[in-house]
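Examining the three-dimensional arrangement
Spelled out from the first residue to the last, the chains are:
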Amino acid sequence: MKSNVGARFRTRKINNKQLLRVYKAVDIPDLDESLNLQRSIPQTETGVDKEEETEHHLQAAISASNLSTTTGEATALYIPTPDASRKIENYRQFYSRPFTEPSTLIRFSSTVEDCMGCPYNMDDDDEKWLKEFNVKQSADAKLDEDHFEMIMWQFEKITNERVPYLQLDSGQIPSFDDLRQTFTAPSLSSIKNIAASVYPWWHERRTTRGGKVITPQLKFEEVMRNESDPYLCFRRRESKPMRKTRRADMASIEKLRKLRMEMESARSLLEMVSRREKVRKESLILEHMIFNQRGKVREIKRNLGIKDEEDDHHQKKKIRKSGESSATIRIPLNFKDRDASSQDDPRKDRSALSSIEAELAKRKEEDIGWEDLTDNPNQQLLSPYAQQFYRVMPHAPLQRTGRFMSYRKRVGRGGRIHIDRQYVSRPRSHYRDHYQKEIFGGQFDGINTFDKFRFDDDSFDQEDIVDDLRDGMIRYRCTLLSETDLRSLSTSTRHHFISMGHNGHSQ
Amino acid sequence: MSAASSPFPSNIVTGGTIGSIVLGCKLQVLHGTPAEYRKAEILSIRPTPTADDPTRCEYYVHYSDYNKRLDEWVAPERLNLLGEIEYPKLKKPKSLLAGVGKETGKASEPGTPSSRVSKNNRKASNLSKAASTGKAGEAAPGTPGAANNKRKAAAMEEGSASQDKDKAGGDDDDEDGSTNGDATPSGTQEEGTFSKEQEIEKLRTSGSMTQNPHEVSRVKNLNLIQIGKHEVETWYFSPYPVEYAHLPILYICEFCLSFFPGVKQLTRHRHKCTLQHPPGNEIYRKDEISFFEIDGRKQKGYCRNLCLLSKLFLDHKSVYYDVDPFLFYIMTMRDEDGAHFVGYFSKEKESADQFNVACILTMPQFQRMGFGRLLIAFSYELSKVEKRLGSPEKPLSDLGLLSYRAFWAETIVTLLVEQQKTGIELTIDDIAQRTAFQQMDVLHTLQNLNALKYYHGQYAIVLSDTVIKNAERSSKKKRREIDPKALVWKPIHFTATQLRFL
């Protein structure tokens, strides 16, 4: 409807999560600068104080930098600042200590005050006074600057401690006798006497300062409330009041209670230990006594010639007992001990593992050049050897042909299970028939009769040649073992050979 | 005084005598080389009698639209007494307010700033600093009486005026007027007190960059310091002991930053001082540049000295409260004498506003050598280790703004040029995460680069040829860089109890 440019570009404000593509201006000549109204972009503040933002030099510098982004003109415009270019000539006079930097990063925790030596630094007036004083002194009683400063600092320090508000009443400057007593440190005792000569000078300086410390100090504390003194600085911050909540209280009470309980139990444990040790000590003393007494008794017995079996017996028992209870506190097994105790087992395991690994490695080596086509990683174990034979299904109905159905299970390719079946003629009857026909002339009176006479054959001369490998014989043998027998015969492939051997043996 | 009796609204007089120059008047003053006249306000007058002229005075002037650091003492000869002299506005007692108050309020030049101030005050945001009120005070009409050197902090009262704006009726002059002369109505006093409490509250809750609005602090108390081998002219007021105010030179030990009024004391101190590097742990070393980390709580003496020193060069720095809640990172340059203090930045142990820098300063003798850039880069390296975004505490100084802008622009352009080659899109958040700059600063920089464009129906970042060329040029420059691998640092975590007792 409206082809108004403004309406078309009524865009949403730019957002921090908006994806922006970066272009070079040369790559997009079709960029329409005239459409780029900055109004949808929030104007940010410079962060400079509003009243200073308009300052001449800042504005000049900003426009110079704007110019360089738009036209590329490099105009280094600096805001003028007062001079800082002068250097002093006598630097070495003050700074002469050579600096050797450690190879590692510096760790430093002593305070500046620790590194400054005596905090009192004499000024020109002090120097003048000291010179005049030293002129009057004999050569060996001259006062050097270090000691002078130590004395002055001692006076200052003690005075500040004792009369912190001296400036309010400068009449309270301590007398030398008061200060003299504080020269107790070994480093000060030697200058105690000469301090007397310094005292008047110090007193004079302190008085001219109106009782204030000679070296001017920073003002920290407000003397008068609401006094806005620009020289007041570094006020102490009031500590923020801690927010007290019921929950915080409860938590800390709980913690304290727990702590108390733990401490108490630790205490009672120690108490008990100490009691035990006392008892043990007592018992040792008593044992010692008993031993001594017993020795005496034995001596007396020996002297009197009495032989006592019971006593010997008692003695032996005693010894064994003392061996049982150790005198030291038994520490419960910790993890380390436990590790040590079970050290043997893992070693075994490890040897088993390593043999398995060796086996696997060997396999791998053998398989080199072969491609593994097994797509089913879950390979079934070979069924026991015995089960690879045909077995008779005991309860299966007789076939018309008079044969039993027998079957065998085998595993084919890809895990397919085949059930092969075969009909076997009734083995026993077949066997019996054969014999019954031969021996009893077709009369059959049951298994017992047959078995009874089975080996009661008189006709040894008449060799009955039996072919063991005859089909019928084999089939018969298959039926001899029941399902459970077979199962118990072989349970794993490892027993494969054994069961085969067994079979072979039975054959 | 002519000012006091001059009729309003016009208080501009052409021509005058040296005796008619009073505090607060504005006139043309010779400045700079080549010397030219510039409008300046008289902030202070000090007698410098000579044999010829026992009444001779020097004048402390602030040049309009120049930074305060260029304020200076000038000889009377540099004042243009023939030109226009603008006197401070007449202050009216409250009873006269009804008729003329509004009129003067509108006519008065500082009307706008003060209303802005009031907004800031009510907002009580951390960004609005007392500094702005201080400045408003400066812009506000001064006190006419030359003798009234101890003028009250106009700024504070203006703050309070805006608090009860219904009463003041938008006029900001009336409160100031009450400070005229010695008869101060008690009402003003109360309001002053009220706003002072506000002020202190703001100092307590916000960081470190508030300005002392007191009148005395408008005139710098020191002129020159000697630190190490350098002699440096000072820029702003700093609360060194009042006994040392207006000394010709204050001597500062460059290692422990102790200050001394004379050469003798410095010599004696140097004889004993064993320090050769800042008293903290070195957390970075690359070539001759090292950084030391110092806990304000553990090194009070050093950190106080450091703050006093840096206050000489930072207008908006506050030294109202102690140094406990800050960590200080000192950058040093090593030579055979020790690790010399080059610059530093302080950082709140726990910043409620995600500031990663509170105050930042390169000593003037080392400025324009790329050290500021190093300090800024280092502060962002720390933020990267902390996995936080950071921004410097506001307000920035003019020099701070330029340094930060340059650093932001360079870092972001370098990143974007790389990104452009990959052709992968990115968000402002991505840029922020990769640089540790806060999103606002990223946006600010992109705007300054004029890089945010609307292209094919969506926003895009477009780097102009000149921007790319500038980046290439600056990347070719040989200069020191911060090597993140040389930083051996773990952020210190302070428990609530540790931070509580600050």
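Residues numbered from 1 in each chain as written. Chains lettered and ligands numbered in written order. Predicted model: local features only at pLDDT ≥ 70, side-chain atom pairs only at ≥ 80, totals over all residues. Heavy atoms only, no water.

For chain B, an unreviewed UniProt entry supplies the name histone acetyltransferase and the organism Entomortierella parvispora. Listed under Subcellular location (unreviewed entry) in UniProt, the entry text for chain B is "Nucleus". Taken verbatim from the UniProt record of chain B, the Sequence similarities (unreviewed entry) comment is "Belongs to the MYST (SAS/MOZ) family." (UniProt positions renumbered as here; feature names shortened; annotations may be inferred.)

Under an unreviewed UniProt entry, the name given to chain A is Enhancer of polycomb-like protein, and the organism recorded is Entomortierella parvispora. What the UniProt record of chain A gives under Sequence similarities (unreviewed entry) is the line "Belongs to the enhancer of polycomb family." Taken verbatim from the UniProt record of chain A, the Subcellular location (unreviewed entry) comment is "Nucleus".

Listed as interface residues are 118 residues of chain A and, on the opposing side, 147 residues of chain B. Carbon and sulfur atoms supply 55% of the area buried between chain A and chain B, which totals about 12300 Å² over both sides. Of all residues in chain A, Tyr231(A), Phe234(A) and Arg237(A) give up the largest surface area on contact with chain B, accounting jointly for 7% of the area buried on that side. Summed over the shared surface of chain A and chain B, the result is 14 salt bridges. Across the pair Glu127(A) and Lys264(B) runs a salt bridge, and its minimum N-O distance is 3.2 Å. In this assembly, chain A and chain B are joined by 53 residue pairs in polar contact (both at pLDDT 80 or more). Those elements that provide at least two residues to the side of chain A that touches chain B are β1 (21–24), α2 (50–53), α3 (56–70), β2 (86–87), α4 (91–94), α5 (112–115), α6 (124–136) and α7 (145–162) of chain A. Per element, the largest residue contribution to the side of chain A that touches chain B is nine residues, and it comes from α3(A). Here the side of chain A that touches chain B is composed, by residue class, of 47 nonpolar, 34 polar and 37 charged. By the bridge criterion, two bridges tie β2(A) to strand β8 (residues 230–233) of chain B in an arrangement that is antiparallel. (Contact = heavy atoms within 4.5 Å. Buried area = accessible area lost by both parts, 1.4 Å probe. Salt bridge = Lys/Arg side-chain N within 4 Å of Asp/Glu carboxyl O. Polar contact = N/O pair within 3.5 Å; in protein donor to acceptor, adjacent residues only side chain to side chain. Helix = DSSP H or I, 4+ residues; strand = E, 2+ residues; numbered from the N terminus. Nonpolar A, V, L, I, M, F, W, Y, C, P; charged D, E, K, R; others polar. Pairing = 2+ DSSP bridges.)

This brings us to the UniProt feature "active site" (unreviewed entry) in chain B. All names here are of chain B. Summarizing the sequence annotation, UniProt attributes the feature "active site" (unreviewed entry) to Glu393 in the numbering used throughout. Tracing the chain through its elements places Glu393 in the loop between β17 (391–392) and α12 (398–422). On the accessibility criterion, Glu393 (1% relative accessible area) is buried. (Buried < 20%, exposed > 50% of the residue type's maximum accessible area, 1.4 Å probe, protein only.)

Ile225(B), Phe291(B), Leu309(B), Phe328(B), Phe378(B), Leu416(B) and Ile461(B) are the most contacted members of the largest nonpolar core, which has 123 residues in total. The element contributing the most residues to this core is α12(B), with 10 residues. Mapping this core onto the domain boundaries places at least three of its residues in each of domain 3 (224–392) and domain 4 (400–486) of chain B. When residues no more than four places from it in sequence are discounted, the contact partners of Leu416(B) are Val22(A), Leu426(B), Ile431(B), Leu446(B), Ile461(B) and Leu463(B). Judged by nonpolar contacts, the second largest core, of 27 residues, contains Leu143(A), Met152(A), Ile158(A) and Leu166(A). (Core = buried A, V, L, I, M, F, W, Y, C linked by side-chain atoms within 4.5 Å. Domains from an automatic or database assignment.)

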